[in-house]
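Each chain, written out:
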Amino acid sequence: MAFGSGRSSMSCGIRLIQIIMVVFNVLFFLVGAALLALGIYVMVDPKFQKIKALLPINTNNSYLDQGFSYITMIAIVVVVLGSILFILGFCGCCGAMRRSICLLTVYSILVGIIIIVEVALTIYIVSFQSKFKEQFVPKLQESISKGYQGPPIKENEPGAVSLAWDFIMYNLKCCGAHNSTDFRNTPKWNKINPWIPEQSFKYPLTCCPMGNAWTQDWTTLSEETLMKAQQCAVDGTDVYQTGCYDKLLDIIVSHKLYIIIGAVAVLVIEVS
């Protein structure tokens, strides 16, 4: 009887482990599907298309024509990660339910790869964060000095780089890559104030408080709203002081606790 009870409790324990594995891997499956959808959305959404020209992998025109940029690379990474989690969840669920050695082996290999990648990314971010800023911010500043042509007002029809910067500054409420001084040297922008030609803009209109980014698109703002921001663009009154790189970093840091908790939770689940 004691032997039978032992077998029964062991069977219940194995069954419980199977249920836990299925639940966790269903979560992996759903997260993978969500990341796949997110990556595809970033690659096709018109808003992200505007930012592509801002962060090209190479200044060669052929790359720009293809729209290949850091944004595209990030989207590809997200799609790959989503695919791995999607397959991981599938193999984990099927392997746990059917006790398939083959599927569980694939599952273990994928978990090992993910853990190695997580550790490598953590080391890279901690070790090279300041160096990354030193290399990345100058590239953004160069894109302003060489490509910014002013906001799309009146007859002005700027290129993709200008549209990308206006989109980012308006939505993040920031100015320039490092700060507002990045717009001192922009030879392609004539800086003429279309409403008062005697005055010249020092800063883009999107560097000034204007509208609500959550409810209004920059390209749909009325001319009256734009005119209210002209004084700020001329003399710098109320111009945003924070650069867009630092603003984006502030947003990430403000949510770092949730990111760390999520990463630790995922790692614990994977190891278990």
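Definitions and cut-offs
Residues numbered from 1 in each chain as written. Predicted model: local features only at pLDDT ≥ 70, side-chain atom pairs only at ≥ 80, totals over all residues. Heavy atoms only, no water. UniProt positions renumbered as here; feature names shortened; annotations may be inferred. Helix = DSSP H or I, 4+ residues; strand = E, 2+ residues; numbered from the N terminus. Buried < 20%, exposed > 50% of the residue type's maximum accessible area, 1.4 Å probe, protein only. Contact = heavy atoms within 4.5 Å. Core = buried A, V, L, I, M, F, W, Y, C linked by side-chain atoms within 4.5 Å. pLDDT = per-residue confidence, 0-100. Disulfide = S-S within 2.5 Å.

Going by the annotation in an unreviewed UniProt entry, the name recorded for the protein chain is Tetraspanin, with Didymodactylos carnosus given as the source organism. According to the UniProt record, the Subcellular location (unreviewed entry) comment for the protein chain reads "Membrane".

Talk me through the overall build of the protein chain; I want residue IDs and the actual numbers.
Along the backbone of the protein chain there are ten helices and zero strands. Looking at the protein chain residue by residue over its 272 residues, the buried ones come to 33%. Taking as baseline every contact in the protein chain between residues at least 6 positions apart, the subset at least 24 positions apart corresponds to 67%.

Break down the nonpolar core for me, with residues and values.
Counting 35 residues, the largest nonpolar core has Trp 165, Phe 183, Phe 201, Leu 205, Met 210 and Leu 226 as its most contacted members. Secondary-structure elements contributing two or more residues to this core are α5 (101–147), α6 (160–172), α8 (230–235) and α9 (244–254). When residues in this core are grouped by element, the largest group, six residues, is from α6. Core analysis: the second largest hydrophobic core is formed by ten residues, Val 78, Cys 91, Tyr 107 and Leu 110 among them.

Got a sec to walk through unusual backbone geometry? Specific residues and values, please.
A positive phi is found at Lys 173, a non-glycine position, where the angle reads about 55°. Mapped onto the secondary structure, Lys 173 falls in the loop between α6 and α7 (223–228). Lys 173 gets classed as partly exposed once you look at its relative accessible area, which sits at 33%. A positive phi is found at Lys 191, a non-glycine position, where the angle reads about 60°.

Tell me about the confidence of the model for the protein chain, residues and numbers included.
Of the residues in the protein chain, 67% have a pLDDT of 70 or more, and the chain-wide mean is 74. When the criterion is pLDDT under 50, residues 59–67 qualifies, and its contacts beyond four places in sequence or with other chains add up to eight contacts.

So what's going on with the state of the cysteines? Residues and values would help.
Following the criterion strictly, the structure yields three disulfides and no others. Across a sulfur-sulfur distance of 2.2 Å, Cys 208 and Cys 232 are joined as a disulfide pair. With the S-S bond torsion at -90°, the cross-link from Cys 208 to Cys 232 turns out left-handed. With Cys 208 in the loop between α6 and α7 and Cys 232 in helix α8, the pair connects residues that are 24 residues apart, well separated along the chain. Each member of the pair Cys 208 and Cys 232 is classed as buried. For the protein chain, the bonded cysteines pair up as 1-6, 2-3, 4-5 when numbered in the order they occur along the sequence.

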